[in-house]
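For reference, the chains in residue letters:
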Amino acid sequence: MAKVVAATGNEAVADALRQVNPDVSSAYPITPATDIMQRFTSFVSNGKVKTEMILVESEHSAMSGCIGASAAGGRVMTATSSQGLALMWEELFIASGTRLPIVMALVNRALSAPLNIHGDHSDGMGARDCGWIQLWSENGQEAYDNTIQAFRIAEHMDIRLPAMVCLDGFIISHSIERIEYLDDAAVKNFVREFRQLYPLLDMEHPVSYGPLILPDYYMEFRRAQAEVMTKVPKVVLDVAKDFEKISGRKYGLFETYRLDDAEVALVILNSAAGTSKDVIDSFREKGIKAGLLKPRLYRPFPYEEVGNALKNLKAVCVLDRADAFGGSYGPMFADIAASLYPYRERPLLINKIYGLGGRDYMPSHAELVLNELVEIAKTGKAKTLKEYIGVRE
Amino acid sequence: MATGLTLKELSKKEMLLTAGHRMCAGCGAPIVVKMVLLASEYPLIAANATGCLEVSTCISEYTAWKIPWIHNAFENAAATISGVETMYRSLKKQGKIDKEIKFIAFGGDGGTYDIGLQSLSGAMERGHDMLYVCYDNGAYMNTGIQRSSATPFGADTTTCPAGDVIQGKPQQRKDMTRIMAAHGIPYVAQASPSHWMDLMKKVRKALDIKGPKFMNIISPCNRGWRSRTDDAIMLSKLAVETCYWPLYEIENGVTKVTFKPKEKKPLKDFIKPQGRFKHLFSPENEGMLKTFQEMIDREWEALLKASGAE
């Protein structure tokens, strides 16, 4: 039977990984993701999993080891944050280009300099175009559920791509919440046996991984990779349907909150969405038609579906917990703008940058933004397209 | 049944790196790789660091490798093969695989001495059952002969060119074999394709030992050394006979010189046929030649001392 526990986000992810029981994990400690691997290695030491660990000397080697292990022919996972993800950069592209379904928990943390260990989305946003599937999680429950679903999505025969599950550093990774765990057997049954295609360890059928591909075929190869990405949303929805059957919890490409008849809305990722929903409720009580959209599948980004969900609104604010320097707007703003561009009639868009380096996102921030959206909806004019909020001037 | 290490017996074995690869004519690397693969009595899986060997042996959609092979990136052949080897152990423990398989990583000196040193050191310390083979040609030959920490003293490369002020590489080369030995791993060896029997015996011994092993094999590069295309074996022989590249092994901490030249030839014999050292023979660089010879003498004596021979 499923059980209800009080657990941190990291604990829930570690437990999900225990239940999935991968063949190999290759990992390196980094705050705030360290805790996941500490918990997981205690499962290894106590015989709770069959996993063989590779306790490497850097994140670059962590992902290199994952790539070798996955190509060899088995289920592989790891976890990291921030600088760790940055050091893996080169390998992220090699994992996706080689079509290896590695699953990685990314406990979102700010990037240096200056050094900061707290939660923001600079790491995950920087890695959004590296060919990995990205699932973002509002709370510990979603981090747990996404971790389990990530294996099924990544390993699906139409996909075979690596996937990262993002959760907010400290805010979610280290906070205790009420979380429902599935049975070990239910998870095992859900993720199924994994069989690698063309495993290196198949000595009877020797294969070469990682060829040099010159201009004559490189582009066809890349296009094939792009086409695989287009198949991901359907698989994500199919896997969510199966997951609902065993958990009773519903997942989509994104979550909408009181959005159907809304006139103004926030688009916001991860933990800050929870805070925002409370404020939306209070605005609704005042008779203001406010709503929210929280992306879940961020890569590939479901442009059509998101555009369709937002097109009838009057004003929308995209809140980014990362900036894209020199790109004028935050990374998510650019995606939301692109998803609305095909529509002649579309909402006015503004962009706020919040919560960098773990700066608290308060209900008052959501109120400020919603009041501004109400004003924009009324006047049809936005004063400032992009600004930082919750910051000293 | 073990195959004898005789030419007659070896000639019956299948070549696991096929002809038709795109390595330069006269390159030492494919000779080294063929010898290593031929010496093995076990099924092998190889990882390959980015470099000459890698780009020339697997250009889509062809591969010269008859064994399972993986190229990941430049600096991580050791970490990559450690992932393969760990998956093997996991699946073996689970009863999903029962075959005895051995794991080899190939890297050039750039991928071994420099950018791959951390990954290699980590894999050795973790104790994976693997053999790492460095084919050392003494520079970044694949990108066009730039200096590496394996480049010998005084050598002219495209990033330490011999000029009016600087006469080639000012520094002594890194002693990678000893760095690997310092990891306390069960087997470390230095070999040369000129002494093929010695090389293959070492490979065989290494593969029979459980745990991490390292072999450093000199691999002449006629493009970078600016030597004749048919001189690879002659030059690797001279490297051994001048004691520039001594043949030795360190097994469980015990150093053994496996070939001691009857008469140690002067270093000049090895470097004279190579264009990369041409400037050292001009009268004003006489001092550099002397310094270079002294470096080699010092290293050779230290090796003899370590082996208990002196």
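Details of the structure are given in the entry above.
Residues numbered from 1 in each chain as written. Chains lettered and ligands numbered in written order. Predicted model: local features only at pLDDT ≥ 70, side-chain atom pairs only at ≥ 80, totals over all residues. Heavy atoms only, no water.

Asks: Explanation requested: a nonpolar patch on the surface in the structure shown.
Replies: Residue and element names in this part refer to chain A. Where nonpolar side chains cluster on the molecular surface, the patch consists of F325, L356, Y388 and V391 and spans about 390 Å² of accessible area. Topologically, F325 is positioned in the loop between β14 (315-320) and α12 (331-340). F325 gets classed as exposed once you look at its relative accessible area, which sits at 74%. (Patch = residues over 30% accessible without salt bridge, like charges linked within 9 Å, V, L, I, M, F, W, Y side chains within 5 Å. Areas by Shrake-Rupley, 256 points an atom, 1.4 Å probe, with all protein chains shown as cover. Salt bridge = Lys/Arg side-chain N within 4 Å of Asp/Glu carboxyl O. Helix = DSSP H or I, 4+ residues; strand = E, 2+ residues; numbered from the N terminus. Buried < 20%, exposed > 50% of the residue type's maximum accessible area, 1.4 Å probe, protein only.)

Asks: Would you explain the interface of chain B and chain A in this entry?
Replies: The accessible area lost on association of the parts is a frequent measure of interface size. Contact with chain B, which involves 44 residues of that partner, is made by 41 residues of chain A. Summed over both partners, the interface of chain B with chain A buries about 3100 Å², with 61% contributed by carbon and sulfur atoms. Counting across the interface, chain B meets chain A through five salt bridges. Across the contact surface, chain B and chain A share 18 residue pairs in polar contact (both at pLDDT 80 or more). Of all the secondary structure elements, the ones that give two or more residues to the side of chain B that touches chain A are β1 (44-48), α3 (52-57), β2 (69-71), α4 (77-93) and α6 (117-126) of chain B. At twelve residues, α4 of chain B tops the list of elements feeding residues into the side of chain B that touches chain A. Of the residues contributing to the side of chain B that touches chain A, the split by class is 20 nonpolar, 15 polar and nine charged. For strand β9 (residues 208-209) of chain A and β2 of chain B, the ladder comprises two bridges, and the chain directions are parallel. Within the sheet, the bridge partner assigned to Y209 of chain A lies in β2 of chain B and is I70 of chain B. (Contact = heavy atoms within 4.5 Å. Buried area = accessible area lost by both parts, 1.4 Å probe. Polar contact = N/O pair within 3.5 Å; in protein donor to acceptor, adjacent residues only side chain to side chain. Nonpolar A, V, L, I, M, F, W, Y, C, P; charged D, E, K, R; others polar. Pairing = 2+ DSSP bridges.)

Asks: Explain the sheet that holds β14 of chain A here, please?
Replies: Strands belonging to one sheet form pairs held by backbone hydrogen bonds; the direction of such a pair is parallel or antiparallel. All names here are of chain A. One open sheet accounts for six strands, arranged β10-β12-β11-β14-β15-β16; its pairing is mixed. Each having just a single partner strand, β10 (254-257) and β16 (386-388) make up the two edges of the open sheet. The mean angle between the axes of side-by-side strands here comes to 20°, regardless of whether they run parallel or antiparallel. Bridging between β10 and strand β12 (residues 290-295) involves four bridges; their strand directions are antiparallel. Bridging across to β12, E255 finds its partner in K294. Its contacts with the sheet place α12 against β11 (264-267), β12, β14 and β15 (348-353), and it is angled at close to 150° to β14. (Axes fitted to C-alpha atoms, helices over the stretch in contact; angles between N-to-C directions.)

Asks: What is the right way to read the pairing of β11 of chain A from this model?
Replies: Consecutive residues of a regular strand have side chains that alternate between opposite faces of the sheet. Residue and element names in this part refer to chain A. Burial of the side chains of β11 extends over both faces: V264 and L266 are buried on one face and A265 and V267 on the other. Remark: the β11/helix α10 (residues 272-285)/β12 crossover connection has right-handed handedness. Where β11 meets β14, four bridges bridge the pair, whose relative direction is parallel. In the sheet register, L266 faces β14, and the bridge partner there is C317. (Right-handed = clockwise from strand over helix to strand, strands pointing away.)

Asks: Whenever I open this one, the side chain of T255 of chain B confuses me. Can you help?
Replies: With respect to the helices, strands and loops of the structure, T255 of chain B is situated in strand β8 (residues 254-259). Each residue touching T255 of chain B, except ones within four places of it in the same chain, is listed here: Y248, E249, I250, L303, A306 and S307 of chain B.

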